[in-house]
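# Chains, contacts and geometry: an overview
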Amino acid sequence: MIERSRAPDLRGFERIVFFTGAGVSRESGIPTYRGRGGIWERFDYREVACQRAFARDPEKVWDWHDERRAEALACEPNLAHRLIAEVQREMPATEVVTQNIDGLHQRGGAERVIELHGSLWRVRCDREGIVKEDFSHPFQPRRCKCGDWWRPDVVWFEDPLDHETIRRAWTAIENCDCLVSIGTSANVYPAAELPLVAMRVGAVTIEVNPEDTPLSGLYAHCLRGPATEMMRRLWPES
Ligand code: APR
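Residues numbered from 1 in each chain as written. Predicted model: local features only at pLDDT ≥ 70, side-chain atom pairs only at ≥ 80, totals over all residues. Heavy atoms only, no water.

### Some points on the side chain of Asp102
- Note on placement: Asp102 falls in the loop between strand S2 (95-98) and helix H6 (104-107).
- Of the buried charged residues, Asp102 lacks a salt bridge, with Arg107 as the closest side chain of opposite charge at 7.2 Å.
- Side-chain polar atoms of Asp102 contact the backbone nitrogen of Leu104, separated by 2.9 Å. (Helix = DSSP H or I, 4+ residues; strand = E, 2+ residues; numbered from the N terminus. Buried < 20%, exposed > 50% of the residue type's maximum accessible area, 1.4 Å probe, protein only. Lys, Arg positive; Asp, Glu negative; His and termini not counted. Salt bridge = Lys/Arg side-chain N within 4 Å of Asp/Glu carboxyl O. Polar contact = N/O pair within 3.5 Å; in protein donor to acceptor, adjacent residues only side chain to side chain.)

Take a look at the structure:
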């Protein structure tokens, strides 16, 4: 019988996927989306995070995204981000699939990150079909040279996920022997169903979260606690 609260040593696996959500950045100071003090408790997505809001009032949507950029820039990657990057360096088949748009995995040293919900640090012009990285704050100018608005390259509510990005995530997870889900409430689909792919192929699945989620019962191991502490258990210093 598996002891579900025991943390297996990740060095025992070959193809690890870290599947992360807002909780992995919580200890860096970035608020989560749901729960007390969460972003969606303070803001209405219909005003700031959907295509209809952008069509109605692009300046307001950009102001809000500039605030999110400022918040992320003021925060540093935490130990969980750094240890995930260390696992990727030591075991190069490791993949990071994140729902986060804050860029903290990359700043923490991760080299390959599959960003399911886009990035605060990319903008796109849908008319020209251009996507560009941009780390300035505040983001300026807000209009492309063609005259259209630059749009945050973020998957907003009601947007479809990018087909190629979800294909890469799916392939990584289908081929993994261990999936570690960290800090996601498992409420937002289709991202939330990706860990089920790992379960289907027989990978060892580990959930790290201080709280239960709707999918907790399906994981082989559930580590109840903050990301930094639980990552240290999963990746003990050698
Ligand atoms: N360590 C690990 N997990 C934590 C920590 C912590 N220190 N603090 C909180 N959590 C957990 C919470 O218990 C919760 O289950 O992180 C989870 C955060 O859940 P959400 O706020 O719903 O974030 P996420 O699952 O990433 O949201 C998915 O929703 O609005 C959209 O596009 C947005 O990508 C986001 C998606």
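From this point, the discussion proceeds with the structure in view.
### Quick word on the pairing of strand S1 (residues 16-20)
- Within S1, five of the five residues are buried, which leaves it mostly tucked inside the rest of the structure.
- Residues Ile16, Phe18 and Thr20 line one face of S1 and the alternating positions Val17 and Phe19 line the opposite face, and both faces are buried.
- By the bridge criterion, five bridges tie S1 to strand S7 (residues 178-182) in an arrangement that is parallel. In the strand pairing of S7, Thr20 is matched with Ile182.
- Two strands pair when backbone bridges link them, and S1 and S2 are joined in this way by four bridges, in the parallel orientation. Bridge pairing in S2 places Val17 opposite Glu95. (Pairing = 2+ DSSP bridges.)

### Examining the side chain of Thr94
- Its place among the elements puts Thr94 in the loop between helix H5 (79-90) and S2.
- We classify Thr94 as buried; its relative accessible area is 0%.

### Here's the deal with the site of the ligand
- Near the ligand lie 21 residues; those nearest to it are Arg34, Trp40, Thr184, Ser185 and Asn209.
- Contact between the ligand and Glu27: a nitrogen atom at 3.3 Å from a side-chain N or O atom of the residue.
- Contact distances for the ligand include 2.8 Å between an oxygen atom and a side-chain N or O atom of His117.
- Here the ligand has 740 Å² of accessible area as a free molecule, and 90% of this is covered by the chains.
- In terms of domain composition, the shell around the ligand takes at least three residues from each of domain 1 (1-28 + 77-117 + 161-238) and domain 2 (31-74 + 120-154). (Near = heavy atom within 4 Å. Areas by Shrake-Rupley, 256 points an atom, 1.4 Å probe, with all protein chains shown as cover. Domains from an automatic or database assignment.)

### Details of the nonpolar core
- Residues Leu10, Ile16, Phe18, Val180, Ile182 and Met231 are the most contacted members of the largest nonpolar core, which totals 25 residues.
- If you list the elements that add at least two residues to this core, you get S1, H5, S7, strand S8 (204-208) and helix H9 (227-234).
- Residues within four places of Met231 in sequence aside, it is in contact with Phe18, Ala80, Leu83, Ile84, Val87 and Ile182.
- The next biggest cluster of nonpolar side chains, apart from the first, holds 23 residues, and it includes Ile39, Cys50, Phe139 and Cys144. (Core = buried A, V, L, I, M, F, W, Y, C linked by side-chain atoms within 4.5 Å. Contact = heavy atoms within 4.5 Å.)

### Digging into the sheet that holds strand S4 (residues 118-125)
- Pairing is antiparallel across the open sheet formed by three strands, whose spatial order is S5-S4-S6. Where the open sheet ends on each side, the last strands, each with one partner, are strand S5 (130-133) and strand S6 (151-154). Adjacent strand axes in the sheet meet at a mean angle of 45°, parallel and antiparallel pairs treated alike.
- Where S4 lies against S5, four bridges are found, and the strand directions are antiparallel. Opposite Arg122, over in S5, you have Glu133 as the bridge partner.
- In the packing of helix H4 (residues 58-73) onto the sheet, contacts are made with S4 and S6, and the angle to S4 comes to roughly 145°. (Axes fitted to C-alpha atoms, helices over the stretch in contact; angles between N-to-C directions.)

### A few points about the environment of Arg233
- Structurally, the position occupied by Arg233 is in helix H9.
- C-alpha separation for the pair Arg233 and Arg82, spaced 151 residues apart in sequence, amounts to 14 Å.

### Observations concerning the domain arrangement of the protein chain
- On domain assignment, one finds that the protein chain holds domain 1 (1-28 + 77-117 + 161-238) and domain 2 (31-74 + 120-154).
- Using C-alpha coordinates to define each centre, domain 1 is positioned 26 Å away from domain 2.
- Across the contact, 12 residues belong to domain 1 and 11 residues belong to domain 2.
- Interface of domain 1 and domain 2: buried area, both sides summed, is about 930 Å²; carbon and sulfur atoms make up 55% of it.
- Between Arg122 and Glu115 there is a salt bridge, with its nearest N and O atoms 2.9 Å apart.
- Summed over the shared surface of domain 1 and domain 2, the number is four residue pairs in polar contact (both at pLDDT 80 or more).
- Tallied by class, the residues present in the side of domain 1 that touches domain 2 amount to three nonpolar, five polar and four charged. (Buried area = accessible area lost by both parts, 1.4 Å probe. Nonpolar A, V, L, I, M, F, W, Y, C, P; charged D, E, K, R; others polar.)

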